[in-house]
Amino acid sequence: MNQRVRWSVLVAALVTAGSAALTPGVAQADDNPPTVRELLDKCDNGTDVCVFHPDGPPRDSMGEAHQVGDSAYNCTKDLQRSTVGWSDTTGETNSVGVSLSAEYGFAEVFKVSIETNYQHTWESSHTESAQTNIDVRPGEVGWVTREAQLQTVSGQYEMHFPDRFHGHYIWYVPFEATGPKPDAPSTKTQHTRPMTEAEKAQHCG
């Protein structure tokens, strides 16, 4: 099931869950249901209750390997040790598409829930800087890649409204976020390969 279909199913489920919480016979049809973002913007901003229920503890994973710093070209006839200086920032992604570092009520509710349930902080962004040595053979190019450790949390918001919001007093809103794992070292890897003829012409003259 692709991501778009998956979230469509979840949003449909939250509408059903919200309807089930109403007194029988009181539910009203809504031809224009709110988006997930519209609902979350109401968290602590028009709700009596807004809490985030995680599905479980943060799940660890590794981010994609990507080059950091410049490439090192060895145009000499000797083995060269090059020092590549780099700085790399790992950000977050989530199902709403806004940074949890912003001053949104639902962002604070999310972070407090993670800390309270699992004694685990949430970071929206982490920057690492370092210098990495690469031994590059004659006629080759070297570079450094980095993979950051990530954490993913999924679950749902439970939101209670004092008056019906789009026909319901209670909404359940699915949410998932992935961000850098706090205080976790990344994986750095040195790579080398022969230069192409075009690279030799460009960098070696």
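Every value quoted in this text rests on a predicted model; they were computed, and no experiment measured them.

(A) Unusual backbone geometry, seen in detail. Residue D44 is not a glycine yet carries a positive backbone phi of 55 degrees. Tracing the sequence through the fold places D44 in the loop between α2 (36-40) and β1 (49-54). Given the relative accessible area of 53%, D44 is considered exposed. The phi dihedral of H166 falls on the positive side, at around 55 degrees, and the residue is not glycine. Relative to the helices and strands, H166 is located in the loop between β8 (149-165) and β9 (168-180). Judged by relative accessible area, which is 27%, H166 ranks as partly exposed.

(B) Molecular detail of the sheet that holds strand β7 (residues 140-147). Taken in spatial order, the three strands line up as β3-β7-β10 in an open sheet, and their pairing is antiparallel. With one partner strand each, in any of the chains shown, β3 (66-73) and β10 (187-194) form the two edges of the open sheet. Here the strands of the sheet are splayed against their neighbours by 20 degrees on average, with no regard to which way each runs. In this structure, β7 lies alongside β10, joined through eight bridges in antiparallel fashion. Its bridge partner being in β10, T145 is matched across the sheet by T189.

(C) Summary view of the nonpolar core. Grouped together as the largest cluster of nonpolar side chains are 24 residues, with contacts concentrated most on L40, F110, Y157, M159 and F175. Secondary-structure elements contributing two or more residues to this core are α2, β1, α3 (105-118), β8 and β9. Look past the residues within four positions of L40 in its chain and what remains in contact with it is V96, F106, Y157, M159, V173 and F175. Ranked by size, the runner-up nonpolar core spans seven residues in total, among them A72, V84, W86 and I134.

(D) Focus on the state of the cysteines. One pass over the structure, following the stated rule, counts two disulfides. Here C43 is linked by a disulfide to C50, with a sulfur-sulfur distance of 2.0 Å. The disulfide joining C43 to C50 has a torsion of about -105 degrees about its S-S bond and is therefore left-handed. Using a relative accessible area of 2% as the deciding quantity, one classes C43 as buried. What pairs with C75 in a disulfide is C204, and their sulfur atoms sit 1.9 Å apart.

(E) Spotlight on the pairing of β9. Among the 13 residues that make up β9, 11 are buried, leaving the element largely enclosed by the rest of the structure. For strand β5 (residues 93-94) and β9, the ladder comprises two bridges, and the chain directions are antiparallel. In the strand pairing of β9, N94 is matched with A177. Relative to β9, β8 runs antiparallel, the two being bridged by 12 bridges. In the sheet register, T152 faces β9, and the bridge partner there is T178.

(F) How the structure looks around the pattern of salt bridges. Evaluation of the coordinates by the stated rule reveals 10 salt bridges. One salt bridge connects D88 with R146, and the closest N-O pair in it is separated by 2.7 Å. In this pair, D88 sits in strand β4 (residues 80-90) while R146 sits in strand β7, placing the two residues 58 residues apart along the sequence. R146 matches D88 in its accessibility class, with the two residues each being buried. The salt bridge partner of E197 is K200, with a shortest N-O separation of 3.8 Å. Of this pair, E197 and K200 are both found in helix α4 (residues 197-204), three residues apart, which corresponds to roughly one turn of the helix. Relative accessible area serves as the criterion here: at 60%, E197 is assigned to the exposed category. Here K200 falls in the partly exposed class, since its relative accessible area comes to 32%. Connected through shared salt-bridge partners, D88, E128, R146 and K188 make up one network.

How each quantity is defined
- Residues numbered from 1 in each chain as written.
- Predicted model: local features only at pLDDT ≥ 70, side-chain atom pairs only at ≥ 80, totals over all residues.
- Heavy atoms only, no water.
- Helix = DSSP H or I, 4+ residues; strand = E, 2+ residues; numbered from the N terminus.
- Buried < 20%, exposed > 50% of the residue type's maximum accessible area, 1.4 Å probe, protein only.
- Pairing = 2+ DSSP bridges.
- Axes fitted to C-alpha atoms, helices over the stretch in contact; angles between N-to-C directions.
- Core = buried A, V, L, I, M, F, W, Y, C linked by side-chain atoms within 4.5 Å.
- Contact = heavy atoms within 4.5 Å.
- Disulfide = S-S within 2.5 Å.
- Salt bridge = Lys/Arg side-chain N within 4 Å of Asp/Glu carboxyl O.

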